[in-house]
Amino acid sequence: MRDEASSFPADAEQWRSWSVPARALTIAGSDSGGSAGIQGDLKTFQELGVFGMSVVTAVTAQNSLGAQLVEPVSPRLVAAQLESVLADLGADAAKTGMIPTPDAAEAIAGALSRFGVHRLVVDPVRLSKDGYALAGRGAFEATARFLFPLAELATPNVPEAAALLGVRETDLASVGARVEAARSLLAWGARHVLLKGGHAADDACADILVGAADGGAEPLLLRGQRLPGASARGTGCAFASAACAAMARGLDVPAACRAAKAFVAAALAASVRLGAGTPSLKHAAWREDRLWSEASIGDGK
Ligand SMILES: Nc1ncnc2c1ncn2[C@@H]1O[C@H](COP(=O)(O)OP(=O)(O)O)[C@@H](O)[C@H]1O
Ligand SMILES: Cc1ncc(COP(=O)(O)OP(=O)(O)O)c(N)n1
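Each chain carries its own residue numbering, running from 1 in the direction its sequence is written. Numbering of ligands from 1 and lettering of chains from A proceed in the order in which they are written. Local features in a predicted model are, by the rule used here, given only for residues with pLDDT of at least 70; side-chain atom pairs are given and counted only at 80 or more, and totals for whole chains, interfaces and linings are based on all residues. Hydrogens and water are ignored here; the side-chain numbers use all heavy atoms of the structure.

### Focus on unusual backbone geometry
Right, on to step 1. Phi is positive for Cys205, close to 50 degrees, though the residue is something other than glycine.
Right, on to step 2. Each helix is a run of H or I in the DSSP string that is no shorter than four residues. Each strand is a run of E no shorter than two, and both are numbered from the N terminus. Looking at the element boundaries, Cys205 is found in the loop between strand E8 (192–195) and strand E9 (207–211).

### A closer look at the pairing of strand E3 (residues 50–63)
Right, on to step 1. Relative to E3, strand E2 (residues 22–31) is paired through 10 bridges, and the arrangement is parallel. By the bridge assignment, Leu25 is partnered in E3 with Met53.
Right, on to step 2. The handedness rule is simple: strands pointing away from the viewer, and a clockwise path from the first strand over the helix to the second, make the crossover right-handed. The handedness of the E2 to E3 crossover, carried by helix H2 (residues 37–47), is right-handed.
Right, on to step 3. As defined by bridge partners, E3 adjoins strand E4 (residues 66–72) across 6 bridges and the pair is classed as antiparallel. The residue of E4 that forms the bridge with Ala61 is Leu69.
Right, on to step 4. Each pair of strands is called paired provided DSSP finds at least two bridges between the two strands. Here E3 hands over to E4 after 2 residues, the two strands then running antiparallel side by side.

### Remarks on the site of ligand 2
Right, on to step 1. Taken together, 15 residues sit near ligand 2, with Gln62, Gly234, Thr235, Gly236 and Cys237 positioned nearest.
Right, on to step 2. Here Gly236 contributes a backbone N or O atom positioned 2.9 Å from an oxygen atom of ligand 2.
Right, on to step 3. At 2.8 Å, a backbone N or O of Cys237 approaches an oxygen atom of ligand 2.
Right, on to step 4. What sets the accessible areas is the Shrake-Rupley method with a 1.4 Å probe; for residues, cover comes only from the shown protein chains. Isolated, ligand 2 exposes 440 Å² of accessible area, and the fraction of that covered by the protein chains is 95%. A single heavy atom is enough: if one lies within 4 Å of a molecule or strand, its residue is considered near that molecule or strand. In the analysis that follows, any N or O atom pair within 3.5 Å is treated as a polar contact, provided that within protein one partner can donate a hydrogen and the other can accept it, and provided that, for residues neighboring in sequence, both atoms belong to side chains.

### So, the packing of aromatic side chains
Right, on to step 1. We call Phe, Tyr and Trp rings a pair once their centres come within 6.5 Å, taking the six-membered ring for Trp, and we label the pair stacked below 30 degrees between planes, edge-to-face above 60, and tilted otherwise. Inspection of every chain in the model, using the stated rule, returns 1 aromatic pair.
Right, on to step 2. Both rings, one in Phe148 and one in Trp188, keep their centres 6.5 Å apart while their planes meet at 75 degrees; by these two values the pair is edge-to-face. In this pair, Phe148 is assigned in the loop between helix H5 (137–147) and strand E7 (153–154) and Trp188 in the loop between helix H7 (175–185) and E8, connecting sequence segments 40 residues apart.
Right, on to step 3. Overall, the relative accessible area of 27% leaves Trp188 in the partly exposed class.
Right, on to step 4. Here the guanidinium or amino end of Arg145 rests over the ring plane of Phe146, the centre of that ring lying 4.9 Å away. Burial here depends on accessible area, computed with a 1.4 Å probe over protein chains only, as a share of the maximum for the residue type. Under 20% is buried, over 50% is exposed, and the range in between is partly exposed. Either the NZ atom of lysine or the CZ atom of arginine qualifies as a charge over a ring when it sits within 6 Å of the ring centre and within 35 degrees of the ring normal.

So this is what it looks like as structure tokens:
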């Protein structure tokens, strides 16, 4: 197994110098709290230097304490947003997040196929951090059924992987079991599966990447350092949108996942407690780290 501690992408300077923006589209729910969903995704796109666009699938009332109310956008309006964006502006890569109904999942799959969006990251969202069902069982399974076959990368977390495979979360406790689970999830049709490790028990928060075309090749193990204490809201959204931004810029899937892991680790380490509950991700941490170190160098400190 290839085992890598994550690091910032080596070509970060190049990312900053490109003048023509790559286009990235998020298809997700609105999070009024600003940490997850459309808001988190657009912040991530902006931080990583791509032009962000959005298709809103649901409106949620959320804050640091959890979700209070969720209403789906009609599949007709979801389809109209997709048509507006893709028929005119186009997208170099797209990601999906919260999809509240099976009909919306089908409409999204239809539009992405029709417009030939090949660099697609599918994050199969089911529950919010406080356990609110953002997508019911039917919508969640429809997301996997309609969208995984179109995805370059699917990014389930441990509970989502367990639900799709019909096993218990505790069955996925070891890294070995999660490697096998990631491989089994390839049967749903995604070309790569990255099984996120935030809900696992290991200190490295190991994320596991497998590819359908890898044959028997070793999986890529992306290890970081588990940050202690309550996690921030929107880590999964940030991972998927950072990978999408990197793929819009032309990085391959392993490089995009390394960049996403580093982006989330920085945002999580700098997360801020704004309300009385779970902290919010600081999406700007990656850039601010760099600006700070550049300023220090400039000052001769
Ligand atoms: N406490 C933590 N410390 C470091 N990284 C974390 C932590 N929690 C989650 N991550 C990372 O954040 C990303 C999202 O993972 P996860 O929390 O499992 O997804 P989700 O938000 O969809 O439940 C992954 O790269 C994971 O390794
Ligand atoms: C509108 C909306 N979409 C997704 C989520 C869940 O975010 P995610 O990053 O998958 O999970 P957590 O890291 O917050 O557990 C959300 N809350 N709202």
